[in-house]
Each structure stands twice: as structure tokens, then as C-alpha cells.
Amino acid sequence: MSKSEIGPGGRGGTAGRAETVVRAALALVDSGGLESLTMRRLATSLDMQLPTIYRLFDGKRELLDEMAETLLADVLDRVDLDGADWAEHIALLARGMREVLLAQRDGARIVGGNYAGKEPTLTLAERTLEAMREAGFPLETAIWAGTTVACYVVGEVLEQQGYRDGDAERLSASAVPGAYPNLAALPVDRFLDFDGRFEFGLRMIVTGLRGELAGGA
């Protein structure tokens with residue numbers, strides 16, 4: 001990426017340059033992990049001067065917020081929520097968010113704790129609230145349901161992205177039958193069935209919300 005491609009007027013001016021920088025930052029994380037991302041390394045990868053980066057973003061925290069919002073925008077592009085009832089909405093959103101975060105190295109770490117409140121986050125939240133309010137959930141319950149789902153997805157993805165080669169063997173060796181009979185009785189591959197346990201947890205959330213709705217929430 002040359003300076004001329006991201007200079008004034010390129011790719012929509014400032015907004016286009018910011019998007020270019022964010023996508024480059026996500027690519028750097030993909031190649032080296034979140035710890036590898038520095039503003040200086042990012043500028044070098046783009047053949048930009050460091051002050052140019054800081055004119056677009058006040059600091060790394062703001063850059064990370066924009067990276068999170070970009071991933072959430074990808075969720076909006078990926079998931080078709082039109083016509084879904086509240087339960088389908090929750091399930092589609094959770095699965096779509098999980099797919100996007102898993103596709104990005106350290107995706108859960110990037111998105112977790114993001115309170116920037118930009119358009120992608122607000123749009124996802126508003127659409128979820130709308131679906132749940134139309135179903136009869138009180139506003140507070142609908143809000144907490146949305147945060148519960150988001151935190152569940154981030155937590156599960158964080159666990160999966162934290163898995164390393166050899167973890168299964170270490171877990172298996174640690175679950176000594178005499179001391180931990182129930183853990184030892186469960187094959188470690190079942191514990192590490194991330195798809196299966198994600199779907200189980202998602203069903204529990206939706207089932208619990210159905211109970212809330214039936215009980216008047």
C-alpha cells in the first residue's frame with residue numbers, strides 16, 4: 001500500500017484512510033497476534049508516517065475500538081436477520097458473531113470490552129431490542145438478554161482461541177480418576193468440542209428467555 005493510495009482524497013478521504021488502517025491492523029493481528037500490533041509497526045506496514053496514524057486515531061485504544069466495530073460490521077453483512085422471530089434472531093446473531101470472531105485471530109480480545117458505541121454496535125443492539133420488544137419482552141430484559149448473548153459469544157470464542165496444541169493431553173493427564181472422578185469420566189475431546197458446547201449454551205440461553213417471556217419477564 002503506497003502513500004498515494006491512502007493520501008488525501010484516496011478511498012473516500014479521511015474515512016477511507018481510516019478504514020484502510022483498520023483493515024491493515026486486523027491483518028497484522030492475524031499474522032502475529034494482538035501483542036504484535038503497535039502503531040509504529042502499523043505505520044511501517046502501510047508505508048505511512050507515524051503522525052499520519054495519530055491524526056486518524058488518538059491512540060491504540062481508539063484504533064482497537066474501530067477494529068472491534070469493523071468486525072461487528074462484518075457480522076451485520078454476514079447475518080440476514082430479516083423476518084426472524086426473537087429466538088431465531090438471537091441464534092443467528094450469536095452464530096454469526098462467533099463465525100466472524102473466530103475468523104479473526106484474537107477476535108474475542110478485540111471485541112471484548114468495546115464500548116465505543118459506533119454504528120455497527122448500535123445497529124446490532126437496536127435490531128435485537130426491536131425483535132425482543134415486539135415479542136413482548138420488557139426493555140430491561142431485552143437489553144440484558146442482548147448483553148448476555150454478546151458476553152457468552154465473546155467468552156466462548158476467547159476460550160476456543162486460547163486453545164493450544166498439547167492442551168488436551170495436559171487436561172487429560174490432570175484429571176486423575178481418584179481425585180476428580182467426574183472429570184476423568186468425561187473424554188477430554190467432549191470437553192473441547194467447542195461447537196457442541198457453544199450450541200448447548202445457546203440453547204440454554206434461548207430456553208431461559210422463553211421461560212422469562214412465559215412468566216411475564
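Everything quoted here is computed from the prediction, not taken from an experiment.

Some thoughts on the side chain of Q161
Then, number 1: The topology assignment puts Q161 in helix α8 (residues 139–162).
Then, number 2: There is a polar contact of 2.8 Å between the side chain of Q161 and the backbone oxygen of L101.
Then, number 3: A polar atom in the side chain of Q161 sits 3.2 Å from the backbone nitrogen of G107.

Considering the nonpolar core
Then, number 1: In this structure, V21, L37, L42, L63 and M67 are the most contacted members of the largest nonpolar core, which totals 56 residues.
Then, number 2: Ranked by residue count, the leading element in this core is helix α5 (residues 86–103), at 9 residues.
Then, number 3: In contact with M67, other than residues within four places in its own chain, are V22, A25, L26, V29, L37 and I110.

A word on the UniProt feature "domain: HTH tetR-type" (unreviewed entry) in the protein chain
Then, number 1: Within this numbering scheme, the UniProt entry marks residues 15–75 as carrying the feature "domain: HTH tetR-type" (unreviewed entry).
Then, number 2: Summarising residues 15–75: 79% helix, 0% strand, and an end-to-end C-alpha distance of 20 Å.

Calculation rules
- Residues numbered from 1 in each chain as written.
- Predicted model: local features only at pLDDT ≥ 70, side-chain atom pairs only at ≥ 80, totals over all residues.
- Heavy atoms only, no water.
- Helix = DSSP H or I, 4+ residues; strand = E, 2+ residues; numbered from the N terminus.
- Polar contact = N/O pair within 3.5 Å; in protein donor to acceptor, adjacent residues only side chain to side chain.
- Core = buried A, V, L, I, M, F, W, Y, C linked by side-chain atoms within 4.5 Å.
- Buried < 20%, exposed > 50% of the residue type's maximum accessible area, 1.4 Å probe, protein only.
- Contact = heavy atoms within 4.5 Å.
- UniProt positions renumbered as here; feature names shortened; annotations may be inferred.

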